[in-house]
Amino acid sequence: MRGASLSTPSKPDKNMHRSISNRPVTGFDHTNVTKGHENVEFRNLPAKKLPIACSCTESHEKPISGVERDPAKVSSWGCVPLCSPVISMQKPAILLIGGIDHVQKEWKEFEKFAELKVGTSRADFLGAIEKGDYSNVVALYRSNASTPLTGPFDVELVPKLPQSLKFICHNGAGYDNIDVEACSSRGIQVSHTPVAVNSATADIAIFLMLGALRRIHIPYTAIRDFKWRGPSPQLGHDPQNKILGILGMGGIGRDVAARGRAFGMKIQYYNRTTLSPELEQGAKYVDFKELMKTSDVLSLNCSLTKATVGIIGRKEFGLMKDGVIIINTARGKLIDESALVDALESGKVFSAGLDVYEEEPTVHPGLLKNSNVVLLPHVGTSTVETQRNMELLVLENLEKALTLGELITQVPEQVNLAQGSTSKL
Ligand SMILES: NC(=O)c1ccc[n+]([C@@H]2O[C@H](COP(=O)([O-])OP(=O)(O)OC[C@H]3O[C@@H](n4cnc5c(N)ncnc54)[C@H](O)[C@@H]3O)[C@@H](O)[C@H]2O)c1
């Protein structure tokens, strides 16, 4: 169903590239019997497009004998009669919160096997849940852009989500507005949209880096004010031979590294774990302190978690080289913004390039008035191609959730939980 292919999905699945309507859904013609269903008699069903979303967290490998499977009525599906009698007689629904801009046609295809519902503000949303309007919702499409509607999916909201809900398919690589721990304890699986965002966000990081190296804000705005280069134009710096330090060498971090290399930069990084030489591509792993002390340009590319909130504060600025350049395309809350403003004012930080802020859409006045800062209003993924790819990836996750009871790009915390491991990239 994908129009333009992504580079490397974290869990590649060739089937997901076919249209929903063209996809040969095989129903329950699998082979293994899953835990809890050992005593159930199974039989193979003819290949038909049938929803198999189920309210339990098992992956269902075989059909259940005797369960009515009329796709027109969809009066029962999967092992729902066994696992959740409450919702067994309802057609499953997908709830959309916020808009879909680029893949409306593909979204409409879901109508063939699920009811499509639309969510609204937090108060209305909670009211609708309480009234039972969403009692057949098994999967939900939300986005960073829809957070202002319902607010974050935090510890207050997650326990109130419909009991039937098993999948949250989130549009956004960052999912700090979803409490994954709360979702996991409710048995809700969460996906996000990594990979699809890499190139566009890395491009913006480089745009900001070049702008910050050149302190481009003054001439960039002066020419439109008919002031040519503006007052006292200052010389900038070349990227060549500078040390680019990357904090968080995930998908975007690695794409920033690749671009930095093309500018003749030396790449070093700090990450939760050391990467394989294949992923490092010659980048040097250093510890956090070393990264702070030796980078000429520091690019923030790590996810925002409890461990990374305020990871760059006064102490860290104190460790850095004089004249360091800070680039942040990850999340504003990684930096103590007032410490950054002070470091810029003192000259400790030569310049900064920012796409994200502590309290979006509010921008610290000290950043707004500082002409050594290049500011963008969180536009890292704002390209037609990337937005479309992100929306498609959410639909592909929904499709896999509804047809196989799994996600393609499940958030790493849950993948590790499932694998009984705590290691993370
Ligand atoms: N500006 C934008 O429009 C935009 C667009 C996409 C993503 N983002 C942000 O960029 C972030 C990175 O995206 P990604 O797709 O590369 O994610 P990713 O999951 O591929 O990479 C995140 C990296 O951060 C590392 N990390 C996490 N905690 C760490 C810690 N305590 N110390 C060191 N490293 C740590 C992880 O190990 C991982 O390698 C996202 O979380 C998102 O918030 C912003």
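Residues numbered from 1 in each chain as written. Predicted model: local features only at pLDDT ≥ 70, side-chain atom pairs only at ≥ 80, totals over all residues. Heavy atoms only, no water.

Undergrad: Would you mind going over helix α12 (residues 337-346) in detail, with residue names and values included?
TA: Of the positions making up α12, those classed as buried are E337, A339, L340, V341, A343 and L344. Summarising the contacts, the buried residues of α12 are in contact with α11 (314-319), β10 (324-328), β11 (349-354), α13 (365-368) and β12 (373-375). Just beyond α12, the residue with positive phi is G347, at close to 90 degrees. (Buried < 20%, exposed > 50% of the residue type's maximum accessible area, 1.4 Å probe, protein only. Helix = DSSP H or I, 4+ residues; strand = E, 2+ residues; numbered from the N terminus. Contact = heavy atoms within 4.5 Å.)

Undergrad: Requested: an account of the sheet that holds β10, with residues and values cited.
TA: Taking strand neighbours across the sheet as the criterion, the seven strands line up as β8-β7-β6-β9-β10-β11-β12 in an open arrangement whose pairing is parallel. One side of each edge strand has no neighbouring strand; the edge strands of this open sheet are β8 (284-285) and β12. Summarising the sheet, β11 and β12 pair through three bridges and their orientation is parallel. Following the sheet pairing, L354 is matched in β12 by L375. Lying on the sheet, helix α6 (residues 198-213) is in contact with β6 (243-247), β9 (297-300), β10, β11 and β12; it crosses β11 at an angle near 150 degrees. Against the sheet, α12 makes contact with β10, β11 and β12, and its axis sits at roughly 135 degrees relative to β11, the strand it touches most. (Pairing = 2+ DSSP bridges. Axes fitted to C-alpha atoms, helices over the stretch in contact; angles between N-to-C directions.)

Undergrad: Run through the sheet that holds strand β1 (residues 93-97), naming residues and quoting values.
TA: Reading across the sheet, the five strands line up as β2-β1-β3-β4-β5 and stay open at both edges, with parallel pairing between neighbours. In the strand order of this sheet, the two ends are held by β2 (115-119) and β5 (189-191), each with one partner. Between one strand axis and the next, the sheet turns through 20 degrees on average, direction left out of account. Of the strand pairs in this sheet, strand β4 (residues 167-171) and β5 are connected by three bridges, and their pairing is parallel.

Undergrad: Could you give an account of the domain arrangement of the protein chain, naming the residues involved and the relevant values?
TA: Taken domain by domain, the protein chain consists of domain 1 (20-196 + 385-419) and domain 2 (198-375). Between domain 1 and domain 2, the residue contacts involve seven residues of the former and five residues of the latter. Taking both partners together, domain 1 and domain 2 bury about 530 Å²; carbon and sulfur atoms supply 36% of that area. Summed over the three residues of domain 1 that lose the most area to domain 2, namely D176, V195 and T386, the buried surface amounts to 59% of that side. (Domains from an automatic or database assignment. Buried area = accessible area lost by both parts, 1.4 Å probe.)

Undergrad: Can you explain the nonpolar core? Please cite residues and give values.
TA: Ranked by size, the top nonpolar core spans 30 residues in total, and within it I312, F317, I326, L340 and L367 carry the most contacts. Going through the elements one at a time, α10 (288-294), β9, β10, α12 and β11 are the ones with two or more residues in this core. Top element by residues in this core is α12. It accounts for five residues. In contact with I312, not counting residues within four places along its chain, are L247, F288, M292, L298, L300, F317, M320, L334, I335 and D336. Core analysis: the next-biggest nonpolar cluster, separate from the first, contains 29 residues, I206, I246, I267 and Y269 among them. (Core = buried A, V, L, I, M, F, W, Y, C linked by side-chain atoms within 4.5 Å.)

Undergrad: Please set out the packing of aromatic side chains residue by residue, giving values where relevant.
TA: Tallied over the full model, the rule gives seven aromatic pairs. Residues W107 and Y141 carry aromatic rings whose centres are separated by 6.3 Å and whose planes lie at 75 degrees to one another, so their mutual orientation is edge-to-face. Of this pair, W107 sits in helix α2 (residues 104-108) while Y141 sits in strand β3 (residues 137-143); the two residues are 34 residues apart in sequence, bridging distant segments of the chain. The class for W107 is buried, based on a relative accessible area of 5%. On the basis of relative accessibility, which here comes to 0%, the residue Y141 falls in the buried class. Arranged with centres 5.8 Å apart and planes meeting at 45 degrees, the rings of F125 and Y134 form a pair that is tilted. A relative accessible area of 0% places F125 in the buried class. Residue classification places Y134 among the buried residues on the basis of a relative accessible area of 7%. Clustering of aromatic rings is evident, with ring pairs tying together Y269, Y270, Y285 and F288. If you follow R215 out to its NZ or CZ, it ends over the ring of F350, 3.7 Å from the centre. (Phe/Tyr/Trp six-rings, centres within 6.5 Å; stacked < 30°, edge-to-face > 60°. Lys NZ or Arg CZ within 6 Å of the ring centre and 35° of its normal.)

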